[in-house]
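# Coordinates in review
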Amino acid sequence: MRFSEFSKKEVINISDGKCLGCVSDLLFDECQGRIQAMIMRGPAKWFRCIGCDSEYVVNWDRVVRVGPDVILVEVCIEQVLQKL
């Protein structure tokens, strides 16, 4: 699978059913050549449409399944939401 295909998939948290958005970036472990985490833009600040000062960083071991349309993860939102 190419990153362009991967980045179009929505990430859904199965703990609460919330959509975390689409993958905007990946963190790689250079030594092992593996994906460490997925990064999605956090919620918008102003009226939920402009600006973003946080991001979701989901470790790869929290991915439950990569399907044809979505990526299912199991996380606690407070633990994966990080300020920029």
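Look up a bit, the structure's there.
Below is a summary of the structure that appears in this document.

Rules behind the numbers
Residues numbered from 1 in each chain as written. Predicted model: local features only at pLDDT ≥ 70, side-chain atom pairs only at ≥ 80, totals over all residues. Heavy atoms only, no water. Helix = DSSP H or I, 4+ residues; strand = E, 2+ residues; numbered from the N terminus. Rg over C-alpha atoms; globule rule 2.2 N^0.38 Å. Contact = heavy atoms within 4.5 Å. Areas by Shrake-Rupley, 256 points an atom, 1.4 Å probe, with all protein chains shown as cover. Lys, Arg positive; Asp, Glu negative; His and termini not counted. Charge placed at Lys NZ, Arg CZ, Asp CG, Glu CD. Phe/Tyr/Trp six-rings, centres within 6.5 Å; stacked < 30°, edge-to-face > 60°. Buried < 20%, exposed > 50% of the residue type's maximum accessible area, 1.4 Å probe, protein only. Salt bridge = Lys/Arg side-chain N within 4 Å of Asp/Glu carboxyl O. Pairing = 2+ DSSP bridges. Axes fitted to C-alpha atoms, helices over the stretch in contact; angles between N-to-C directions.

If you tally the helices and strands in the protein, you get two helices and seven strands. In terms of overall size, the protein behaves like a compact globule, its C-alpha atoms giving a radius of gyration of 13 Å where 84 residues would be expected to give roughly 12 Å. Contacts in the protein between residues far apart in sequence, at least 24 positions, make up 39% of those at least 6 positions apart. Of the accessible surface of the protein, which amounts to about 5900 Å², a share of 49% is contributed by carbon and sulfur atoms. Between the mean site of the 11 positive side-chain charges and the mean site of the 12 negative ones, the protein shows a separation of 4 Å.

Quick look at the packing of aromatic side chains now. Tallied over the entire structure, the rule returns one aromatic pair. Geometrically, the ring pair formed by Phe6 and Trp60 is tilted, given 6.1 Å between the ring centres and 40° between the ring planes. Of the two residues, Phe6 is situated in helix α1 (residues 3-6) and Trp60 in the loop between β4 (54-59) and β5 (63-66); the sequence distance between them amounts to 54 residues. The exposure class of Trp60 is partly exposed, given its relative accessible area of 30%.

A word on the side chain of Ser54. One can find Ser54 in strand β4. A residue is classified by how much of its surface remains accessible, and Ser54, at 4% relative accessible area, is buried. Leaving out residues up to four positions away in the same chain, Ser54 has contacts with Arg41, Gly42, Pro43, Leu81, Gln82, Lys83 and Leu84.

Attention now moves to the pattern of salt bridges. In this structure the tally under the stated criterion is one salt bridge. A salt bridge links Lys83 to Asp53; the nearest nitrogen and oxygen atoms lie 3.8 Å apart. A residue pair is termed long-range when its members are at least 10 positions apart, and Lys83 in strand β7 (residues 81-83) and Asp53 in the loop between β3 (34-41) and β4 qualify at 30 residues.

It is worth spelling out the sheet that holds strand β6 (residues 70-73) at this point. Strand pairing in a sheet relies on backbone hydrogen bonds. The paired strands run either parallel or antiparallel. Pairing in this open sheet of seven strands is mixed, and the strands run β5-β6-β1-β2-β3-β4-β7 from one edge to the other. Edge positions in the sheet fall to β5 and β7, since each of these pairs with one other strand and no more. Neighbour-to-neighbour, the strand axes of the sheet open up by a mean angle of 40°, direction not taken into account. Here three bridges tie strand β1 (residues 10-13) to strand β2 (residues 19-29), and the two strands are oriented antiparallel to one another. Bridge assignment links Ile12 to a residue of β2, and that residue is Cys19.

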